Amino acid sequence: MWRVFLLSWVALYLSPVSGCELFARFDMPSLFKQGDIMIGGIFPVFNKDISSTYTFEKEPPPVKCAGFDLRAFRWTQVMIFAIEEINKEPALLPNITLGYRILNSCASPTNTLRAALTLASGAEEMDSTSACPPAVSALIAEEGSSQSLAVAGTLGPFQVPIVSYFSTCACLSDKAKYPTFFRTIPSDYFQAKALAALVKCFGWQWIGTIQSDNDYGRNGILAFTEEVRKLGVCVAFVGTILRTYTMDKILDVVEMIKQSTVKVILAFAADGDFYPLMKEVVKQNITGIQWIASEAWITAARPSTPEIYKAFGGALGFVVPKMAIPDLKPFLTGISPHADPSAAFVRNFWEVMVGCRPVSPGKHTGTEETNEKCTGDETLLYSQHVFFNVTQLRVSYNVYKAVYAIAHALHELVFCQPAGKPGGKPVMPCLNVSEIQPKQVTDHLQRVHFRNQFGDDVFFDDNGDPPASYDLINWQLRDGRVQHVTVGHFASAAKGDYKLSVQEEKIVWRIGKKVPTSVCSNICPVGTRRAQIKGKPSCCFDCLPCADGTIANSTGAADCTQCPQDFWSGKGKDICIPKTVEFLTYHEPLGIAITVVSLLGASLSLATMVVFIQYRETPVIKASNAELSCLLLFSLFLCFLCPLTFIGRPTVWTCMLRHTAFGVTFALCISCVLGKTIVVVTAFKATFPGNKVAGKFGPAQQRIIVCSCTLIQILICILWLKLNPPFPDMVFRYSNKKIVLECNTGSEAAFYAVLGYIGFLAIICLVLAFLTRKLPDNFNEAKFITFSMLIFCAVWITFIPAYVSSPGKFTVAVETFAILSSAFGLLICIFALKCYIILIKPEKNTKKHVMAKNLNKKI
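First, a word on scope: everything that follows refers to the structure included in this document. Computed from a predicted structure; not experimentally measured.

We now examine the layout of surface pockets. By volume, the largest pocket is sized at about 1,200 Å³. In terms of lining, the largest pocket is formed by 42 residues, of which the most central are Thr299, Ala300, Ala301, Arg302 and Ser304. Of all the secondary-structure elements, those providing two or more residues to the lining of the largest pocket are β3 (46–50), β4 (64–68), α2 (70–88), α8 (271–283), α12 (395–415) and β17 (481–492). The biggest single contributor to the lining of the largest pocket is α8, with seven residues.

Shown next as structure tokens:
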């Protein structure tokens, strides 16, 4: 309801009437000059509003303000200077005089709204019969975003154009809400991107923030937070301040800073809001913090003192580019209360600059007075005060551009062509200045585009914002004074991108010469991964070593990478190294032992065969069937050589050879033993009268037995090799750090069929030999065959569980042990005694001794 009332009240003032009658007025001091077209200005000349309690029973008292702000006062003078410069310019608004009325806002949204309503109503005392003075055609306002929001929201419906010089809140770019708002300073949307780019540039991950408790601070921190979150940066805390806050609230923010682990803090606040906190930080000697500033305070004069530098030295922040206006200095040094005693704010300025109170009459608008009276001889011509330094103007230059933007829009409106159009012909108005409507000025402001005398293009985009361009400022102490040194630049680039350039070697840091670090947790080294700490931001984490078989070869890895199957993580878990390839070799002790034993067995087999051939006519050889014995020795020779195929890197051929050779040679071996056993059995049967079995089982039958039994094994092996042959395989299950190269049997069924067939032959031999173990001969070969078969069966029965449970290359060792043990068992049990008699006891190698019967036993 109050807003409807205010709008209705403003409408009364804006309605055209024959005479001008004021229903009420705000008692607000102003800088005023009449002109054909009036431009309003609102500036926080005083930065603190002394609030009063309103009872609503009588008219509120006049507004009281404190804290004269030299910087804001200079903005008012720049506006006046620009207007007077335009009035002297023949090519811009010729024969038309610009006037102004400048009011004080006290940096308060409420007082800013009062000032805006005053300017919109043209509230000067006039006779009731005279025509109303022209209301302002445009308004230059305001410093704070909250104040600009109040003005834009109130005057926007009346199409009054507003050009701000220092309000940066991104919310003001919303043309649906604020259709008449323009500004000559970039939006905080761009500043947030610049600050985020700065944070990214220096690798800061853990940031504290402080905001003004107003639209400027809250929206600025919100935009910054959204930008840095895209970069993985965490905001540790958000402190809130305001110039009207009590000391208890300020101390709460100070305690928040002291308790935090952050080393970098962004303060997105106006200098008036931030200054009380700065003094308390200095008072409590809180050092070691790298401060990042918003454009509102990084170049402000009040905090830029050696005292504040103690805690805030090395601060970094973005501001609009500086500009020098040389002709401005004589204008500023010419300010005097004696020139116009009634001019508002000048007496306060004089007291601050000169230190005495002017004697001339005039309204004093401040609360800070000095008792010393001026003599009238004081002058500012030779003052070295920073107020008169016109070589590094930033916000003042924004005010200057705002005035010129309005002037160019008015020129195009009144003369229907841009200012300074080539041709040199006098321009004639196409519109009477009394017919200018605020909406027309707004439309032309949106389209204005010109290059000023300093070479800068002045224009507004669709949102009323200028192009983004910032200087990066660094606080440095030189000759006892705080200097704002430019150390970088941020500007828009092609395709909507932005470019940040930093001259890092020029930066003076708060602590030391190195870039400060600010992380919640130190970046995880290689070989470790980040593990989020529950309940804390993503920047706070523990570093856990990578699990075995995984690596992290870069710092700050979120996860460890699995090594390929044939690789394993190194000691530092930062590189994948090839796994150790393991197989039984000739160079290791186990391989050497197997080779030696294998060759020894083969040599003994050959030697025994040589002996048998050499003594083949002796009774012992004849009695043991020389042909089968030599064939058995040959098969044992091959059996002893089989383990050699199990040593070395497995290949396709060695894998097929080792299992099939083993199966065939042992089948041949057991077939020979079976043949010898059958010979013994038939010999036993031949001792019975009339038995002709021995005559039917001669050498031909023995060969058939051996060949047929061996042929069956050969057929099994051929089927095995045809259907699913053994192949070299890499086995990873035994060890994470090793690859075991072994021969995969291909078909387990075929492998156990080969073993089963050998076992079947061995059991037949064992049974037959056992049945004939009590033959009465001195040389009873059945006993030796029985013992050899018992050894053979025992070895291969224990082989199966040992083979299944042995890991890696020990599987091969178990198999070769079984082969060598069973072969030695056959060689020793069957041939050792024969060789002993032939070589050591030749006197027993007679037919009589071999055929002698044991007289103590009965057949």
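After that view, the rundown keeps rolling.
Right, let's talk about the sheet that holds strand β26 (residues 727–731) for a bit. One open sheet holds the three strands; their spatial order is β25-β27-β26, and the pairing between them is mixed. Strands at the two margins of the open sheet, each flanked by one partner only, are β25 (580–582) and β26. The mean inter-strand angle of the sheet, taken between neighbouring strand axes irrespective of direction, is 30°. Here three bridges tie β25 to strand β27 (residues 738–744), and the two strands are oriented parallel to one another. Of the residues in β27, the one forming a bridge with glutamate 582 is valine 740.

One can find glutamate 582 in strand β25. Separated by 160 residues in sequence, glutamate 582 and glutamate 742 have C-alpha atoms that sit 8.7 Å apart. A polar contact of 3.3 Å, which involves the side chain of glutamate 582, links it to the side chain of lysine 738.

Here we take up the state of the cysteines. Within the structure shown, the criterion is met by 10 disulfides. One disulfide in the model links cysteine 169 with cysteine 171; its S-S distance is 2.3 Å. Measuring handedness by torsion sign, the sulfur bridge of cysteine 169 and cysteine 171 sits at about 130° and is right-handed. A residue is classified by how much of its surface remains accessible, and cysteine 169, at 0% relative accessible area, is buried.

This next bit is on a nonpolar patch on the surface. A contiguous nonpolar patch, built from Tyr615, Leu833, Tyr836, Leu839 and Ile840 and spanning about 450 Å² of accessible area, is present on the exposed surface. Looking at where leucine 833 falls in the secondary structure, it is placed in helix α22 (residues 809–839).

Calculation rules
Residues numbered from 1 in each chain as written. Predicted model: local features only at pLDDT ≥ 70, side-chain atom pairs only at ≥ 80, totals over all residues. Heavy atoms only, no water. 1 Å grid on protein atoms, 1.4 Å probe; cavity = no way out; pocket = protein on both sides within 12 Å on 5 of 7 lines; lining within 4 Å. Points joined across faces, edges and corners; volume = space filled by probe spheres on them. Helix = DSSP H or I, 4+ residues; strand = E, 2+ residues; numbered from the N terminus. Pairing = 2+ DSSP bridges. Axes fitted to C-alpha atoms, helices over the stretch in contact; angles between N-to-C directions. Polar contact = N/O pair within 3.5 Å; in protein donor to acceptor, adjacent residues only side chain to side chain. Disulfide = S-S within 2.5 Å. Buried < 20%, exposed > 50% of the residue type's maximum accessible area, 1.4 Å probe, protein only. Patch = residues over 30% accessible without salt bridge, like charges linked within 9 Å, V, L, I, M, F, W, Y side chains within 5 Å. Areas by Shrake-Rupley, 256 points an atom, 1.4 Å probe, with all protein chains shown as cover. Salt bridge = Lys/Arg side-chain N within 4 Å of Asp/Glu carboxyl O.

Geometry only, nothing functional implied.
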